[in-house]
Amino acid sequence: MDDAPSPDADLVADLQTANHAFAAAHFTGMRPLAPARHMAIVACMDSRLDVFDALGLDNGDAHVIRNAGGVVTDDVIRSLMLSQRLMGTASIVLVHHTDCGMQKVSEDQMKQEVEAETGMRPAFAIESFTDPYANVRQSISRLRHSPFLLHKELIVGFVYDVATGLLNQVAER
C-alpha cells in the first residue's frame, strides 16, 4: 500500500470504501477479457451519461472509450483497432449527447487561453462542434474511412438527450 500523502484523504477513503462495497456486491470472479456483446462504444465523458444503464448493458458486455465530446480522434481509432483485432469486437456504437460542453467552446479561443497561460499552444485539435447530430455523422464517416478498422459494417450513432434520457438514432445520410 502506498503511504504517499494525499491531497484529499477523505476523497481517497470514500473511493476505497465504495470500491469495497462494489467488490463485495458485484464481483463474482474473473470475467472473460473479450466483451460479451462484441461491441465497442465511443461516448462523451460527460458524467450525466451512464453508458451501461442507457444502453442496457452489463459490466463485461462492451469496451467503452470516452473522451470530451465522444469524438473520433486518432487515439479512439487506435483503441478501436486494438479492440477489434485483439478482442474480436465487430460493432461500434457512438453516443454523443445534447447540451455537450464541446458545443460551448471555441477551438481558437481555448488554444489562445491555454497558450497565454502556459506559453505553449496545444498541437492537438480541441474538436469542438455546434450540432451533436452532425458530429455523430462526421464521426461515423471518420470510422468508415479508417484503413485500420476491420469491421465498419455495423456502426451506429446516437444522440442521448440529457433532459429525457432517451437515445435518438442518427441517420448517416
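Residues numbered from 1 in each chain as written. Predicted model: local features only at pLDDT ≥ 70, side-chain atom pairs only at ≥ 80, totals over all residues. Heavy atoms only, no water.

## Some words on helix 5 (residues 132-144)
Along its 13 residues, helix 5 runs 18 Å from first to last C-alpha, staying within 8% of the 18 Å computed at 1.5 Å per residue. Residues of helix 5 that are buried: P132, N135, V136, R137, S139, I140 and L143. Where the residues of helix 5 are buried, they touch helix 3 (74-87), strand 3 (91-97), strand 4 (155-160) and strand 5 (167-170). The N-cap residue of helix 5 is D131: its side-chain oxygen and the backbone nitrogen of Y133 are 2.9 Å apart. (Helix = DSSP H or I, 4+ residues; strand = E, 2+ residues; numbered from the N terminus. Expected span 1.5 Å × (residues − 1). Buried < 20%, exposed > 50% of the residue type's maximum accessible area, 1.4 Å probe, protein only. Contact = heavy atoms within 4.5 Å. Polar contact = N/O pair within 3.5 Å; in protein donor to acceptor, adjacent residues only side chain to side chain.)

## Quick look at the nonpolar core
What tends to happen in soluble globular proteins is that the nonpolar side chains get buried as a cluster. Ranked by size, the top nonpolar core spans 16 residues in total, and within it L80, I92, L94 and L143 carry the most contacts. At the level of secondary structure, the elements contributing two or more residues to this core comprise strand 1 (39-44), helix 3, strand 3, helix 5 and strand 4. Excluding residues within four positions of it along the chain, L80 makes contact with A40, V42, I65, I92, L143 and L149. Core analysis: the next-biggest nonpolar cluster, separate from the first, contains 11 residues, M39, A43, L57 and V95 among them. (Core = buried A, V, L, I, M, F, W, Y, C linked by side-chain atoms within 4.5 Å.)

## Describing unusual backbone geometry
Phi at H38 takes a positive value of approximately 50 degrees, unusual for a residue other than glycine. H38 sits in the partly exposed class, given a relative accessible area of 42%. With phi around 65 degrees, E127 is a residue other than glycine that occupies positive phi space. Relative to the helices and strands, E127 resides in the loop between helix 4 (107-118) and helix 5. Overall, the relative accessible area of 16% leaves E127 in the buried class.

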